[in-house]
Amino acid sequence: MALSVREYRARIKSTESMKKITRAMELIAASRIIKAQQRAQSAAPYARELTRAVSAVATFSNVDHALTVEPEDPKKAAILIVTSDRGLAGAYSSNVLKEAERLVEKLKEEGKEVDIYVSGRKGEAYFKFRQRPVVQSWTGFSDQPTYDVASDIGSTLISAFLNETGGEPEEGTAPGVDEVHVVYTRFRSMLAQEPVALRMLPLEVVEGEEKPTEAELLPLYEFEPSPSEVLDSLLPRYVQSRIFFALLQAAASELAARQKAMKSATDNADELIKKYKRIANQARQAGITQEISEIVGGVNALADAQAGSE
Amino acid sequence: MADYGSLQVELVAADRLVWSGEAKMVIARTTEGDVGILPGHAPMLSVIIEGVVDVQTAEGETWIAAVDAGFLSVANNRVSILSEHAEMSHEIDLEKARQDLERAQSSGENDDAAQEAVRRAEARIRAVERAS
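The structure displayed is predicted, hence computed values, not measured ones.

Counting its regular elements, chain A contains five helices and six strands. Along chain A, helices and strands appear, N-terminal first, in the series α-β-α-β-α-β-α-β-β-β-α. The globule rule puts the C-alpha radius of gyration for 310 residues at 19 Å, and the 31 Å found for chain A is more than 25% above it. If one aligns the C-alpha atoms of chain A with their principal axes, the spans along those axes are about 125 × 50 × 30 Å. Looking at chain A as a whole, 34% of its 310 residues are labelled buried. Counting contacts in chain A only where the partners sit at least 6 residues apart, residues at least 24 apart contribute 75% of the total.

Take the interface of chain A and chain B next. With 25 residues of chain A in contact, the opposing surface of chain B contributes 23 residues. Those elements that place two or more of their residues in the side of chain A that touches chain B are helix H1 (5–60), helix H4 (147–162), strand S6 (222–224) and helix H5 (227–309) of chain A. Among the elements that make up the side of chain A that touches chain B, the one with the highest residue count is H1 of chain A (ten residues). Taken together, the residues that form the side of chain A that touches chain B break down as 16 nonpolar, four polar and five charged.

Here we come to the domain arrangement of chain B. Residue and element names in this part refer to chain B. For chain B, the assigned domains read domain 1 (7–88) and domain 2 (91–131). Distance between the C-alpha centres of domain 1 and domain 2: 21 Å. Going through the elements one at a time, strand S6 (51–56), strand S7 (62–67) and strand S10 (86–88) are the ones with two or more residues in the side of domain 1 that touches domain 2. Among the elements that take part in the side of domain 1 that touches domain 2, S7 stands out by supplying three residues, more than any other.

With that out of the way, let us pick up the nonpolar core. One finds Ile-79 and Leu-157 of chain A together with Ala-65 of chain B to be the most contacted residues of the largest nonpolar core, which totals 98 residues. Among the elements that make up this core, the one with the highest residue count is H5 of chain A (19 residues). In this view, Ala-65 of chain B contacts Leu-11, Val-18, Trp-19, Val-53, Ala-86, Glu-87, Met-88, Ser-89 and Ala-127 of chain B; residues no more than four positions away in its chain are not counted.

Here is what the cut-offs are and how they apply
- Residues numbered from 1 in each chain as written.
- Chains lettered and ligands numbered in written order.
- Predicted model: local features only at pLDDT ≥ 70, side-chain atom pairs only at ≥ 80, totals over all residues.
- Helix = DSSP H or I, 4+ residues; strand = E, 2+ residues; numbered from the N terminus.
- Rg over C-alpha atoms; globule rule 2.2 N^0.38 Å.
- Buried ≥ 20, exposed ≤ 12 C-beta atoms within 10 Å, placed from the backbone.
- Contact = placed C-beta atoms within 7 Å.
- Nonpolar A, V, L, I, M, F, W, Y, C, P; charged D, E, K, R; others polar.
- Domains from an automatic or database assignment.
- Core = buried A, V, L, I, M, F, W, Y, C linked by C-beta atoms within 7 Å.

Here it is as structure tokens:
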């Protein structure tokens, strides 16, 4: 018996209150996931229409746009890493960061310099602790991103892509890069989220995976004022909407990861409580047994003493 | 007049579907000026600027929305209006729009962002005024 019964009781109590906290966090995360999924769903029509419009322009005009041109001999790449603002989400942020590190290694092997952009306090802290430079970071929205944030991130990355590489960046703008990658966590299901890295810029316009049916064949559009101007305003929005999509997916993944982590924390707390209760009961019983044998021993000794004196 | 049916209209903001339904006419402001779209309009993709979108339904109702810069696409009697932000006239907070306008005008800056803010606030105020 290492500890007294009282000490075990204190441990049980603290584990119980911890369990209440993790249980509450689990429930909060669970209810927020539903909201996050709804948000992702309500953002879908915009993304769908935008994709349709982009593929229409891409199909009917041969306009090259600055955002779609592959730079010859890319030397510099930017990576946007989408992490969470808060912890207690299991390996969520560290998985994204691991994936990002892999991408950094790969790009470095290809002889490219890497500029890092981070969203979420966890990622920011990670790079700060390792004293690695981060060009820009955005924080404070990871579990419910708004479109404004996405459009801010999008325009920063686009301006970085459009700026000349090598030269000194103009005041207030991002240093130029040749390609832009995004690392975020894809939400596959409540149980499975996987970190993915994809190249955002230069854009590759990929048309829908399934072949369009007859009725869906794109009509011959008229462009107003002109195809290139339509593309000019279409493509940045497309990029922003893709980033928004990544942020929404990351938010749903973060909440799912948190729910899972908190569920196992609650389960562990349950087990701990059970274990401590057993040990505490054993200790209590051992105490009682000892007291009884002491009393019995005492009575026996008294009886012996009395028997001896008679 | 030949019957071309009616338009399927979708007014989509970045984070939600603002309005959808059938209409017989849609009026929006593009970079080239106002366009009115009737059923049977030729396929068109066009850039719209901050302004008011006017949708007249088959039942004779008029829906008015304030939109930001975005797109208008018309094809096979489907009209999609995409804008980063869009609000129906009954959702707009007039007081707030007025304050935004004042703030944007009095900021004294004359760059693109400030002008955009002015246009955006004006569009919202106009939408409410038109609707009432």
